[in-house]
Amino acid sequence: MVVTFNNLHEYVKNIINYLRKSRQDEELEKKTGEDSLKAQADLMDRVLSPLTIPYVQLKELKSGDKISARPVFQGVIEDLRKGIYQAIAVKEISRMGRGSYEDMGLIYELIKEKRIFIVTPYKVYDPKNTADLRQIRFELFLSREEFETTSERLMGGRVSNALAGQWVSGAAPFGFTYNSDTRKLEINESEASVIRTIFDYYVNGVPMPDGSRRDVSFRALATYIKKHTPLLTPRGKREWHPTQLRQLIDNERFIGTMRFRTTQRVGGKQVPRPVEEHIIVRNAVPAIIDIVTWDKAQEKLMNSGAMPRNTMEFSPCELASIAVCKVCGRKMVRNYSVQNYKSKVTGEVTQYHKEFLWCTTSACTFVKYREVEADLLYFLKYLIDIDNELFRIQVASIVEDKKHKDGLMSQEDMLRLIEQREKELKDRLDFVYEQYEKRKYSEKMFDERKAVIDEETFQLEEMKKSAMTVNTNSPTTINVESVKSNLKSIVEAYKNCEDKTDKNTILRKVFARVVVEITEKGRGRIPSKFTLYPMLKFDILNSDALDL
């Protein structure tokens, strides 16, 4: 039997009416001020009231194409799954969502499995009716196709405007003001001077009383700015956060560059896109920082590693921010004390200088400071003396550590992502052919949709070729002799250096971290025995990275 408005009451006891704004509704509201949800509710009232079936209306005030971004619809799905309602009423099927194909599949399977009737102002859709089910499938996936096309056009518009020098990303960011006549950003000199000063301090060091400059971490820089400068944050506060300073230094906007399509959704999560897929528009906004200063800042940012977290008045010792406890993972600190011992026989007072490297966690790692320092120097000498092939093997783990740190995809992950995307493109192409055969698409529309998919398919093929040619297990090509020569210079410079802070700077050029593990606890004057696990910085593979 065909289910219509007249006999729907035989199958349905309760209806849930889901109300949600479309993009067109939001744009109309801006122009006319009309409440589109109220108009939608009035329309559905006129449709549902004559049916004499109990119904409730739920409004989704938060817009979003994905189910995860719409809490009201999540509740609707749960109620339908529990059987509280046997039908869902919507102005049009696309109001249920235009999210990912995974979202569309979830809605479709629920409607089919539970026989959820869909009531629109013009028709009742019955999942038991194959023609209705086909139409539901068509409407759901067509809405997603329309969303994809709209998103592509919007992105294209943003990029085109950016190429024309127009600002396309909301309110003017720190350092700029928005000119509504030209729709472009202009430099706000008072804010730009703050940005230039921060770059200067980061690149060249903060000014000291004696006129010199001191290299500092972001934490120390934040402290210096608060205590010694009038610089205010974008919100007008005195307190700068280290992360805030790092993000400022790393922001390409200050050299006039804008990036688009930097992330993508994979498996329900937002993940970074490969850099080669980014849309980069240079000279999109006026540059506040000159390219020389920018390059120096980025080089320092990549090579800085873990800077010692000390106050401005304190000079870090040799192993500051290098040694890490294997048990709890916390950084180890220097503990120094002088104790006087008086001889019971002669009465003579003897001074003992105690210097340890210890973990601040109670009852954790505790070793002699100078023994750790000596072992690190011995390790460097060991690298210098071993044969070249063994040297390459030793540094192989450094390359992997760098890849992990930078979040680079492995070959396996890259191929898995490509395979998933290929399947999505095939589904989209099948859908386009199906609609063309049903005369839903004109010949022009078919050619346009197919051309977009063909282009994406070609790009995927190129990515696959590139991924297949990368041998992730191949040894890194390095100039071993040159790197060893630099390591020798490091050891010699360390021996000849007298300042403890300079020694710390030298060690941090080589070591990303050194994990300390106690193998045998000490007793009395018998020191603890330990094992070190040094992790060298990736930059030692560059022949000139360690030049002093």
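Residues numbered from 1 in each chain as written. Predicted model: local features only at pLDDT ≥ 70, side-chain atom pairs only at ≥ 80, totals over all residues. Heavy atoms only, no water.

So, the overall build of the chain
Counting its regular elements, the chain contains 15 helices and 19 strands. Looking at the chain alone, contacts between residues at least 24 apart form 61% of all its contacts between residues at least 6 apart. Counting every atom, the chain has about 31400 Å² of accessible surface; 50% of that belongs to carbon and sulfur. (Helix = DSSP H or I, 4+ residues; strand = E, 2+ residues; numbered from the N terminus. Contact = heavy atoms within 4.5 Å. Areas by Shrake-Rupley, 256 points an atom, 1.4 Å probe, with all protein chains shown as cover.)

Some remarks on the packing of helix α6 (residues 189–204) against helix α7 (residues 218–228)
Helix-helix packing: each pair is described by the crossing angle between the helix axes and the interaxial distance. Running from N to C, α6 and α7 point in directions that differ by 130°, and their axes come no closer than 11 Å. Classed by the angle they form, the pair α6 and α7 counts as oblique. Crossing geometry of α6 relative to α7 is assigned as right-handed. Of the residues in α7, those touching α6 at Ile 198, Tyr 201 and Tyr 202 are Phe 218, Leu 221, Tyr 224 and Ile 225. Grouping the constituent residues of the contact of α6 with α7 by class yields seven nonpolar, no polar and no charged. (Axes fitted to C-alpha atoms, helices over the stretch in contact; angles between N-to-C directions. Parallel < 35°, antiparallel > 145°, perpendicular 65-115°, else oblique. Left-handed = near helix turned anticlockwise from the far one by under 90°. Nonpolar A, V, L, I, M, F, W, Y, C, P; charged D, E, K, R; others polar.)

Side note on the confidence of the model for the chain
Across the chain, the average pLDDT comes to 79, with 77% of residues at 70 or higher. Low confidence marks residues 402–409, where pLDDT is under 50. Its contacts with residues over four positions away, or in another chain, come to five contacts. (pLDDT = per-residue confidence, 0-100.)

Re the pattern of salt bridges
For the structure shown, the criterion picks out 15 salt bridges. With its nearest N and O atoms 3.2 Å apart, the salt bridge here joins Lys 38 to Asp 42. Of this pair, Lys 38 and Asp 42 both sit in helix α2 (residues 36–48), separated by four residues, roughly a single helical turn. We classify Lys 38 as partly exposed; its relative accessible area is 48%. With a closest N to O distance of 3.9 Å, Glu 520 and Lys 529 form a salt bridge. Taking the relative accessible area as the measure of exposure, Glu 520 reaches 42% and is therefore partly exposed. Overlapping salt bridges bring together Glu 318, Arg 334, Glu 355, Arg 370 and Glu 373 as one network. (Salt bridge = Lys/Arg side-chain N within 4 Å of Asp/Glu carboxyl O. Buried < 20%, exposed > 50% of the residue type's maximum accessible area, 1.4 Å probe, protein only.)

Here we look at the sheet that holds strand β16 (residues 349–359)
Pairing is antiparallel in the open sheet, where three strands are placed in the order β15-β16-β17. Edge positions in the sheet fall to β15 (332–342) and β17 (366–368), since each of these pairs with one other strand and no more. Adjacent strand axes in the sheet meet at a mean angle of 35°, parallel and antiparallel pairs treated alike. For β15 and β16, the ladder comprises 11 bridges, and the chain directions are antiparallel. Looking at the pairing, Ser 337 lines up with Lys 354 of β16. Contacting β15, β16 and β17, helix α10 (residues 369–385) runs over the sheet at an angle of about 70° to β17. (Pairing = 2+ DSSP bridges.)

Description of helix α14 (residues 480–496)
Across its 17 residues, α14 extends 24 Å between first and last C-alpha, which sits within 8% of the 24 Å expected from 1.5 Å per residue. When α14 is considered as a whole, its buried residues turn out to be Val 480, Val 483, Lys 484, Asn 486, Leu 487, Ile 490, Val 491 and Tyr 494. For α14, the angular spread of buried residues about the axis comes to 160°, placing them on one side. (Expected span 1.5 Å × (residues − 1). Arc of directions from axis to C-beta.)

Some thoughts on the sheet that holds strand β19 (residues 529–536)
One open sheet accounts for three strands, arranged β14-β18-β19; its pairing is mixed. Each edge of the sheet is formed by a strand with only one pairing partner; in this case those strands are β14 (323–325) and β19. When strand polarity is set aside, the average angle formed by the axes of neighbouring strands in this sheet is 30°. Of the strand pairs in this sheet, β14 and strand β18 (residues 511–520) are connected by three bridges, and their pairing is parallel. Paired with Val 324 across the strands is Val 515, a residue of β18. Across the sheet, α10 touches β18 and β19, and the angle it forms with β19 is around 50°. Set on the sheet, helix α15 (residues 500–510) makes contact with β18 and β19; between it and β18 the angle comes to about 95°.

Looking at the side chain of Lys 503
For Lys 503, the position within the fold is in helix α15. The buried charged residue Lys 503 lacks any salt bridge partner; its closest oppositely charged side chain belongs to Glu 373, at an N-O distance of 4.5 Å. When sequence neighbours within four positions are dropped, the list of residues in contact with Lys 503 reads Glu 318, Glu 373, Tyr 494 and Cys 497. (Lys, Arg positive; Asp, Glu negative; His and termini not counted.)

Some thoughts on the nonpolar core
If you look at the biggest cluster of nonpolar residues, it comprises 37 residues, and the most contacted ones within it are Ile 198, Phe 199, Trp 240 and Ile 249. Mapped onto this core, the elements with two or more residues apiece are α6, α7, α8 (242–249), β10 (258–260) and α9 (291–303). Each residue touching Ile 249, except ones within four places of it in the same chain, is listed here: Ile 198, Phe 199, Tyr 202, Phe 218, Trp 294, Ala 297, Gln 298 and Leu 301. Formed by 35 residues, the second largest nonpolar core is a distinct cluster that contains Ile 322, Met 332, Ile 384 and Val 480. (Core = buried A, V, L, I, M, F, W, Y, C linked by side-chain atoms within 4.5 Å.)

Things to note about unusual backbone geometry
The phi dihedral of Thr 52 is positive, around 60°, even though this residue is not glycine. Exposure remark for Thr 52: the relative accessible area of 67% places this residue in the exposed category. Phi is positive for Arg 115, close to 50°, though the residue is something other than glycine. Mapped onto the fold, Arg 115 is located in the loop between α4 (101–114) and β4 (117–119).

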